[in-house]
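Topology and contacts: notes
Take a look at the letters that make up each chain.
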Amino acid sequence: MIYGISDLHLDHTGSKSMEVFGEAWKDYENRIFTNWKDMISDDDIVLIPGDISWAMKIDDVIYDLKRIDSLPGTKILLKGNHDYWWQSLKKLKSLRLESLLFLQNNSYFLGGYNIVGSRAWLARDNSSFTEEDEPIFKRELIRLKLSLDSISDEAPIIAMLHYPPFDRYKNPNEFGQLLKEYDVEKCIYGHLHSEGLSAVVEGQIDGIEYTCLSADYIDFKPVLIGE
């Protein structure tokens, strides 16, 4: 089985708990880990599309990554906008975490699916989008294409994005259009919280099944993505 959950926002130091963002986040870390252990087996795959830990540096994130590593299943991790600790694949692999795989310009064939992804970025028509966002937006598009082009197996594709691939009118933006070009079957994303959840888009669009996996949106329970 392939499951997904995004935006864990782990913080073993307790200094930046998500509980400050409202009642919905009360005791969220314990809820995430309890639900995970209840639902996931060692044979399952769990996709985590970003905002994994509040840690700022690679030396600080190891505790949170080890907590994820100790959970059942094989996990594929993608960088979110708050994952400042994220470094090169070589550096991440050197951590030697047994059940964690890192997605960046590459892809994995697991559970009968090709797993690809990119952090993506803020939509160009968002009121907060500035000149500084443009090169990041373009780079993330390139990263997504590199990931898609790295596929070597003929199998359905699941795309992991952190940002939702939609414009402010809830239509697929350039990231969604690229997914359509490559006949992606499923796309998962997170990033949205609180009032931002009003921007959630799910269901079939252009032949792609979209699912939002922000932890507070899914009640901190992994969601079944593929069997």
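The structure this text deals with has already been given above.
Notes on the structure in this doc start here. This one's a predicted model, so the numbers in the text were calculated from it and none came from an experiment. (Residues numbered from 1 in each chain as written. Predicted model: local features only at pLDDT ≥ 70, side-chain atom pairs only at ≥ 80, totals over all residues. Heavy atoms only, no water.)

Looking now at the overall build of the protein. When helices and strands are tallied, the protein shows five helices and eleven strands. Radius of gyration (C-alpha) of the protein: 16 Å, near the 17 Å computed for a compact globule of 227 residues. Along the three orthogonal principal directions, the C-alpha set of the protein runs to about 40 × 40 × 30 Å. Per-residue burial for the protein yields a buried fraction of 54% across its 227 residues. Sequence separation of at least 24 residues holds for 73% of the intrachain contacts in the protein that already meet a minimum separation of 6. With the model as given, the accessible surface of the protein reaches about 10700 Å², and the carbon-plus-sulfur share is 48%. Across the protein, 24 positive and 38 negative side-chain charges occur, with their mean positions spaced 6 Å apart. (Helix = DSSP H or I, 4+ residues; strand = E, 2+ residues; numbered from the N terminus. Rg over C-alpha atoms; globule rule 2.2 N^0.38 Å. Buried < 20%, exposed > 50% of the residue type's maximum accessible area, 1.4 Å probe, protein only. Contact = heavy atoms within 4.5 Å. Areas by Shrake-Rupley, 256 points an atom, 1.4 Å probe, with all protein chains shown as cover. Lys, Arg positive; Asp, Glu negative; His and termini not counted. Charge placed at Lys NZ, Arg CZ, Asp CG, Glu CD.)

Strand order across the open sheet formed by six strands is β5-β6-β7-β8-β10-β9, with mixed pairing between neighbours. Looking at strand neighbours, the two that pair on one side only are β5 (108-110) and β9 (203-205), the edges of this open sheet. On average, each strand axis in the sheet is tilted by 30° relative to the strand beside it, whichever way the strands run. Contacting β6 (113-118) and β7 (157-161), helix α4 (residues 133-149) crosses the sheet at an angle of about 165° to β6. Strands β6, β7, β8 (186-189) and β10 (208-212) of the sheet are contacted by helix α5 (residues 174-181), whose axis makes an angle of about 140° with β10. (Pairing = 2+ DSSP bridges. Axes fitted to C-alpha atoms, helices over the stretch in contact; angles between N-to-C directions.)

No statement about biological role is implied by the geometric values presented.
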